[in-house]
Amino acid sequence: MQKKKVNIKNLTVAALLTAIALLIPMVMPFKLVIEPIFSATFAAHVPGILAMLTGPFAVIGTAVGSALGFFQALGNPWVSARALTHLVFGLFGFYMIKKRYNIVLVAVLSGLVHAACEMIIGLISLPFIVVPDAGVLFYILLTVGLGTFIHHCIDFAIVMVIYKPLEKAGVLPYKINLRHFKEKEN
């Protein structure tokens, strides 16, 4: 049986990102909550996006941390379920970063995956919260879908601002590609 070497630095970064993902929904004063299933909390996706630059373990931790944080802060299982879908966009984004795709493409495509996953949760929640009609479906598409995509892009921009100092500090093991559509892998 082969033992796998644990990278303590990556484990520590993953734990810190998970803790931040857990705390942001509970302590961030800038929130927009539109009942029954939409909320936008400033910088809530930042730990998950940084986790994409750290590894799959960090992505999983931040998604679970975010879901628990939103449940603790809002007590709303649908918002928590939406936060748990960060697993999907995070792993998708991690794979694209690992394969050296351009970071702008990663931001847009992971944002679309993010919005789609959260719209699916919105659609699943419909029979449990309201009588579905065309207005409610429009609400899901516009508020949850478009709102999530815009929120994702804003939080991705925040990550791009703080990326360089984190890279210089040697915190993030994966580098971003800003120059080409897809760079050759090392």
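Structure's up top.
The notes below deal with the structure included here. Being a predicted model, the structure only gives us computed values, none of them experimental. (Residues numbered from 1 in each chain as written. Predicted model: local features only at pLDDT ≥ 70, side-chain atom pairs only at ≥ 80, totals over all residues. Heavy atoms only, no water.)

Attention now goes to the environment of Glu-183. Relative to the helices and strands, Glu-183 resides in the segment after helix 7 (134-168). Remark: the alpha-carbon pair of Glu-183 and Arg-100, spanning 83 residues in sequence, is separated by 5.3 Å. For Glu-183, the contacting residues outside a window of four places in its chain are Lys-99, Arg-100 and Asn-177. Polar side-chain contacts of Glu-183 include one of 2.4 Å to the side chain of Arg-100. (Helix = DSSP H or I, 4+ residues; strand = E, 2+ residues; numbered from the N terminus. Contact = heavy atoms within 4.5 Å. Polar contact = N/O pair within 3.5 Å; in protein donor to acceptor, adjacent residues only side chain to side chain.)

Right, let's get into helix 4 (residues 77-84). Listing the buried residues of helix 4 in full gives Trp-78, Val-79, Ser-80, Arg-82 and Ala-83. Looking at the buried side of helix 4, the elements it contacts are strand 2 (38-41), helix 3 (56-74), helix 5 (86-98), helix 6 (103-129) and helix 7. The opening residue of helix 4, the one whose side-chain oxygen lies 2.8 Å from the backbone nitrogen of Trp-78, is Asn-76. (Buried < 20%, exposed > 50% of the residue type's maximum accessible area, 1.4 Å probe, protein only.)

Bringing the environment of Pro-77 into the picture now. With respect to the helices, strands and loops of the structure, Pro-77 is situated in helix 4. Classification of Pro-77 as partly exposed rests on a relative accessible area of 47%. When the C-alpha atoms of Pro-77 and Ile-37 are compared, they prove to be 8.7 Å apart, with 40 residues separating the residues in sequence.

Glancing now at a nonpolar patch on the surface. Among the surface-exposed residues, Leu-22, Leu-23, Met-26, Val-27, Ile-60, Val-64, Leu-68, Leu-84 and Leu-91 lie close enough to one another that they form a single nonpolar patch of about 720 Å² accessible area. Counting residues per element, the ones that place at least two in the nonpolar patch are helix 1 (8-27) and helix 3. The topology assignment puts Val-64 in helix 3. (Patch = residues over 30% accessible without salt bridge, like charges linked within 9 Å, V, L, I, M, F, W, Y side chains within 5 Å. Areas by Shrake-Rupley, 256 points an atom, 1.4 Å probe, with all protein chains shown as cover. Salt bridge = Lys/Arg side-chain N within 4 Å of Asp/Glu carboxyl O.)

By the definition in use, this model includes four salt bridges. Linking Glu-118 and Arg-82 is a salt bridge whose minimum nitrogen-to-oxygen distance equals 2.5 Å. In this pair, Glu-118 is assigned in helix 6 and Arg-82 in helix 4, connecting sequence segments 36 residues apart. With a relative accessible area of 2%, Glu-118 lands in the buried category. Residue class for Arg-82 comes out buried when judged on its relative accessible area of 4%. Across the salt bridge formed by Arg-100 and Glu-183, the nearest N and O atoms sit 2.4 Å from each other. Placement of the pair is Arg-100 in the loop between helix 5 and helix 6 and Glu-183 in the segment after helix 7, with a sequence separation of 83 residues. Residue classification places Arg-100 among the buried residues on the basis of a relative accessible area of 15%. Put simply, Lys-164, Glu-167 and Lys-175 are held in one network by salt bridges that share partners.

This part is about the pairing of strand 1 (residues 31-34). Bridging between strand 1 and strand 2 involves four bridges; their strand directions are antiparallel. Across the sheet, the residue bridging to Val-33 is Ser-39, located in strand 2. The hairpin turn running from strand 1 into strand 2, its antiparallel successor, is three residues long. (Pairing = 2+ DSSP bridges.)

Another aspect to go through is the packing of helix 6 against helix 7. Contact geometry for helix 6 and helix 7: axes closest at 8 Å, N-to-C directions at 145°. The chirality of how helix 6 crosses helix 7 is right-handed. Among the residues making up the contact of helix 6 with helix 7, the classes are represented as 17 nonpolar, seven polar and one charged. (Axes fitted to C-alpha atoms, helices over the stretch in contact; angles between N-to-C directions. Left-handed = near helix turned anticlockwise from the far one by under 90°. Nonpolar A, V, L, I, M, F, W, Y, C, P; charged D, E, K, R; others polar.)

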